[in-house]
Amino acid sequence: MSKALMSFGREPSNVEETGVFAIIQSQINASQMMLNEIRQIKHDVVKIETNVATMFQELKDSITINDAERSVLQSIVKGEAYRAAKKYVLGNSAMHAKKGSAEEAQIREMAGFGMRYLWKRLKDKYDVACYHHVRRVDFEEAKRFLEGIHLGSDFELDYEKWVKSRIELKKKRGTND
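Note that the structure is predicted; figures quoted are calculated from it, not measured. (Residues numbered from 1 in each chain as written. Predicted model: local features only at pLDDT ≥ 70, side-chain atom pairs only at ≥ 80, totals over all residues. Heavy atoms only, no water.)

*Asks:* Looking at this structure, how should I read the overall build of the protein chain?
*Replies:* For the protein chain, the count of helices and strands is 6 helices and 0 strands. When its helices and strands are written in sequence order, the protein chain yields α-α-α-α-α-α. Put simply, the protein chain has 177 residues, and 21% of those count as buried. Of the contacts made within the protein chain by residues no fewer than 6 positions apart, 65% connect residues no fewer than 24 positions apart. Element-wise, carbon and sulfur atoms account for 56% of the exposed surface of the protein chain, whose accessible area totals about 12,900 Å². (Helix = DSSP H or I, 4+ residues; strand = E, 2+ residues; numbered from the N terminus. Buried < 20%, exposed > 50% of the residue type's maximum accessible area, 1.4 Å probe, protein only. Contact = heavy atoms within 4.5 Å. Areas by Shrake-Rupley, 256 points an atom, 1.4 Å probe, with all protein chains shown as cover.)

As structure tokens, then:
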């Protein structure tokens, strides 16, 4: 006896009922097959969705800052490096170093050291070989990070150590450059 007939709890009484029950049974079977196919499609869609999400994240992680964003970071670094160098060389006075003077040369040298110092901090924080490899999704955070660094007495001590090491290296090489 078929499942459809069993659900009614009786045997078909005539040929016509047997045909109706057969149609119902085939529709039930077809519905079951469609349900199984829908479940498989759902499973496949979930799998595809997971793959797309993974690929999207990989793509997002591979996009680095653009030229305009690099320019913003450069401006922050240069501004802080020159601010610290001028304060160190000229003090808090409003005067400016004369063009071609020893003070101007020292400001440029210290600002260069300051820029390298800041770039190193940024590269260490984001674990990149070059600052322009910072991921684009990290740009705003990187900007805030650099804006939060104010080169002070620790930086000045590092600069003085660096100058002394350069002088010692020149003595060893026998050059006065």
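There is more to say, and it comes next.
*Asks:* Would you take a moment to explain the side chain of Ser101 for this structure?
*Replies:* If you trace the backbone, Ser101 turns up in the loop between helix H3 (67–90) and helix H4 (102–126). For Ser101, a relative accessible area of 17% translates into the label buried. Separated by 3.1 Å, the side chain of Ser101 and the backbone nitrogen of Glu104 make a polar contact. (Polar contact = N/O pair within 3.5 Å; in protein donor to acceptor, adjacent residues only side chain to side chain.)

*Asks:* Sorry, what's going on with the nonpolar core here?
*Replies:* As a rule of thumb, nonpolar side chains are buried together in soluble globular proteins. One finds Leu73, Trp119, Leu122, Val134, Leu146, Leu151 and Phe155 to be the most contacted residues of the largest nonpolar core, which totals 28 residues. Counting only elements with at least two residues in this core, the list comes to H3, H4, helix H5 (139–147) and helix H6 (153–173). The element best represented in this core is H4, accounting for 9 residues. Aside from chain neighbours lying at most four places away, what touches Val134 is Thr64, Ile65, Leu122, Tyr126, Val128 and Ala142. (Core = buried A, V, L, I, M, F, W, Y, C linked by side-chain atoms within 4.5 Å.)

*Asks:* What should I look at first to understand the confidence of the model for the protein chain in this one?
*Replies:* Detailed reading of predicted coordinates is not advised where the pLDDT is low. Across the protein chain, the average pLDDT comes to 86, with 87% of residues at 70 or higher. Of all the helices and strands in the protein chain, helix H1 (residues 3–8) carries the lowest mean pLDDT, 52, while H5 carries the highest, 96. (pLDDT = per-residue confidence, 0-100.)

*Asks:* For this particular structure, what's the right way to read the pattern of salt bridges?
*Replies:* On inspection of all chains with the given rule, the structure shows 8 salt bridges. Residues Glu69 and Arg136 are paired through a salt bridge, measuring 3.1 Å at the closest nitrogen-oxygen approach. You can see Glu69 sitting in helix H3 and its partner Arg136 sitting in the loop between H4 and H5, a full 67 residues away along the chain. Measuring nitrogen to oxygen at the nearest pair gives 3.4 Å for the salt bridge that ties Arg108 to Glu104. Here Arg108 pairs with Glu104, and both are found in helix H4, just 4 residues apart, close to one helical turn. Note on Arg108: relative accessible area 46%, which makes it partly exposed. (Salt bridge = Lys/Arg side-chain N within 4 Å of Asp/Glu carboxyl O.)

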